[in-house]
Amino acid sequence: MEAFAVDDDCDDPDVCGSHLLQLRASKAAAKAAVDDAHPVAELNEDSVVVEDAGKCADLNDERNSVCKPVIEWVLSGGKGDPHASEWFADMQTITGVDYMSASKDDFQRLYFCSPPGGKACGTAPCGCSKPPCNSCFGGAPARQLRGGCSSHPHSIECKAPRNTFEYNGQKWPTYTFEGGQTMHIFAIGDWGGMDGTLNPIEGRPPLIAYAKGSKKGPSVFPRSRMYPRNPAMNCKHDPLIKCFENEGGPQCPYGCGYVKGVDDQAQLLVAQAMKDRARISDPQYILNVGDNFYWGGIEKNCGTPMDSISFTAHHQFDQIFEGVYSGKGLDGKPWLSVLGNHDWGGRVFNNGWDQQIAYTWASPRWVMPAAYWRTTVEYPTQMFSVDLWFLDTNFQDAHANDEDPDHNICGPNNPAGATCASAGGPVDKDSCPSWFRGLWEQEKAWLTRTMEESTASWQIAVTHFPCAQDGQGGSFYRQLRQEYGLDLLVTGHRHDQELWAYNDRRNNMGGLTCFVTGGGGGITSESSPNPMRKYEWYGEAQYGFFDITVTKERLTVESINFDGKVLRTAEVRPHQGSKSKEQTE
């Protein structure tokens, strides 16, 4: 098994090389773009996705030469292999039959949609046990619609856009929560681990960095732990992988700070803490600041139509999101979301970021209708409201192609010919930085205009990059606070938990309270979660989430550790900006 070959803070290309998994995936993606091996899809009423009906062929077709020998081996006795149930775990969902009953055509369908071992078929079969044979969801339940869509099918929450960014800047319908109970908002970021049971398409490698990462559900990505004031302690990616492989032990350097039972299941621990608190707090919705799937978001090329969900996206959402954040207090609650730099691809821009936006219309609770958007939440019984803005600030990781290869969406790890033109994204590597910068400039103009018009009791902005990182040294956020009355900034990206109270010495945003909630556990934290090493921490915790209690008079912001303990609290009072409209009752 091949591990990742570089950490996320690699400074020495000769030592760290390049990100092996991303490179292999990029090369495969470039080839797939030429070969057109996996056509795009469209929704129908009975399944999530139907592949392009014009691309079926017999197993003997030359486009199926890679998968043919494997399928023939399976049919000649491979079904009896002790690992068969693991290899063919997706068979029932994709074909509607179990692998022991599956025909040759059913196996071709499986290897087209979710190829075990990467031995993909280039076409769907023309016949199968449960047509349509070009569907990757022959055994999946009918797509669940968001409430109200049967009567308002053309509204923004029910109708996918014709192009990816058609809804940029638009307002999602208002949420209304009646009652006099205490109202809560949860916030989390950088939470989505690797899906080790995904069978990637387009020749991409599995999302497995260490042996135990092949299990169902999320696996934490071992990043690095760096010590600017003591570089001799730096723990890069490969040593940290050894810590995961050996569950700590003598081969794990002190600088890695690995804590068995915490680092190796961080996402699940934070999720459990959320479930435990949700049973009591009953949050009305969750603010999601991005980096939803490591390493590089949805593991396929951009360009799937917006009214379609690929099997790849379905599998990752099922394993990393739907199967993790559930239970009393979380079921059915909206996840109001933005993209992080890793959702765009990490070190490339042409991964399936558009599928995260498209999932909005395939899920009753995932909400990410555009790259930037807004909504209002009203609490009529208690006579107050909240305006929320969701921003894409990933221009800060979009540099010239020859710059900073380890922190650059537009960098040299992109394959030759990379493009997301069909999805409305960057056309090529050269224009990529200006595309992201242009997006941010659009957002700034939109943000100041709509924030000035806001009459809500509270104004909250949600984005991925951390407090004060606005490309202007914090001055733009300071302007939003002082002129337009922004009350709270919710961020992530840095992999820890940091509550910046309005009067903290590090807070240069004009009294704006902010927090970083990048400790969701999809990736290892900035520093060791060992509480005996707090002196190395930036904030109050390494893994966790936030709980915001919201009333008309105040926001109470609580930083919750992965074990459920409240580590820090701050209160926020409404602020009237100099250019804000008068707030209404």
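In what follows, the structure referred to is the one given above.
Predicted model only: the values in this text are computed from it and were never measured.

### Overview of the sheet that holds strand 4 (residues 183-188)
In a beta sheet, neighbouring strands pair by backbone hydrogen bonds and run either parallel or antiparallel.
And then number 1: As summarised here, the arrangement of the seven strands in space is 9-8-7-4-16-17-18, forming an open sheet in which the pairing is mixed. For this open sheet the edge positions go to strand 9 (366-367) and strand 18 (566-572), each flanked by a neighbour on one side alone.
And then number 2: In this structure, strand 4 lies alongside strand 7 (residues 285-288), joined through four bridges in parallel fashion. The residue of strand 7 that forms the bridge with Ile188 is Asn288.

### Section: the packing of helix 12 (residues 432-453) against helix 13 (residues 475-484)
And then number 1: Running from amino to carboxyl end, helix 12 crosses helix 13 at an angle of 15 degrees, the nearest separation of the two axes being 10 Å. The pairing of helix 12 with helix 13 is recorded here as roughly parallel in orientation. Crossing geometry of helix 12 relative to helix 13 is assigned as right-handed. Taken together, the residues of helix 13 that come into contact with helix 12 (itself represented by Trp440, Lys444, Leu447, Thr448, Met451 and Glu452) are Phe476, Leu480 and Tyr484.
And then number 2: Along the lines of polarity and charge, the residues of the contact of helix 12 with helix 13 split into six nonpolar, one polar and two charged.

### Some details on the pairing of strand 11 (residues 384-390)
And then number 1: Taking burial as the measure, the seven residues of strand 11 include seven buried ones, the bulk of the element.
And then number 2: Along strand 11, one buried face is formed by Phe384, Val386, Leu388 and Phe390 and the opposite face, lined by Ser385, Asp387 and Trp389, is buried too.
And then number 3: Here seven bridges tie strand 10 (residues 373-379) to strand 11, and the two strands are oriented antiparallel to one another. Looking across to strand 11, one finds that Val377 is bridged to Val386.
And then number 4: Connecting strand 10 to the next strand, strand 11, in antiparallel fashion are four residues, including Met383 with a positive phi near 60 degrees.
And then number 5: The sheet contact formed by strand 11 and strand 12 (residues 458-462) spans five bridges and is parallel. Paired with Leu388 across the two strands is Ile460, which belongs to strand 12.
And then number 6: What joins strand 11 to strand 12 is helix 12, and the crossover it makes is right-handed.

### Some details on the state of the cysteines
And then number 1: By the definition in use, this model includes ten disulfides.
And then number 2: Here Cys149 engages in a disulfide with Cys158; their sulfurs sit 2.1 Å apart. The sign of the S-S torsion, about -85 degrees, decides the handedness of the disulfide formed by Cys149 and Cys158: left-handed. For the pair shown, Cys149 and Cys158 are each scored as buried.
And then number 3: Disulfide pairing places Cys302 opposite Cys420 at an S-S distance of 2.0 Å. Classification of the bridge connecting Cys302 and Cys420 rests on its S-S torsion, roughly -105 degrees, and on that basis the disulfide is left-handed.

Conventions used here
- Residues numbered from 1 in each chain as written.
- Predicted model: local features only at pLDDT ≥ 70, side-chain atom pairs only at ≥ 80, totals over all residues.
- Heavy atoms only, no water.
- Pairing = 2+ DSSP bridges.
- Helix = DSSP H or I, 4+ residues; strand = E, 2+ residues; numbered from the N terminus.
- Axes fitted to C-alpha atoms, helices over the stretch in contact; angles between N-to-C directions.
- Parallel < 35°, antiparallel > 145°, perpendicular 65-115°, else oblique.
- Left-handed = near helix turned anticlockwise from the far one by under 90°.
- Contact = heavy atoms within 4.5 Å.
- Nonpolar A, V, L, I, M, F, W, Y, C, P; charged D, E, K, R; others polar.
- Buried < 20%, exposed > 50% of the residue type's maximum accessible area, 1.4 Å probe, protein only.
- Right-handed = clockwise from strand over helix to strand, strands pointing away.
- Disulfide = S-S within 2.5 Å.

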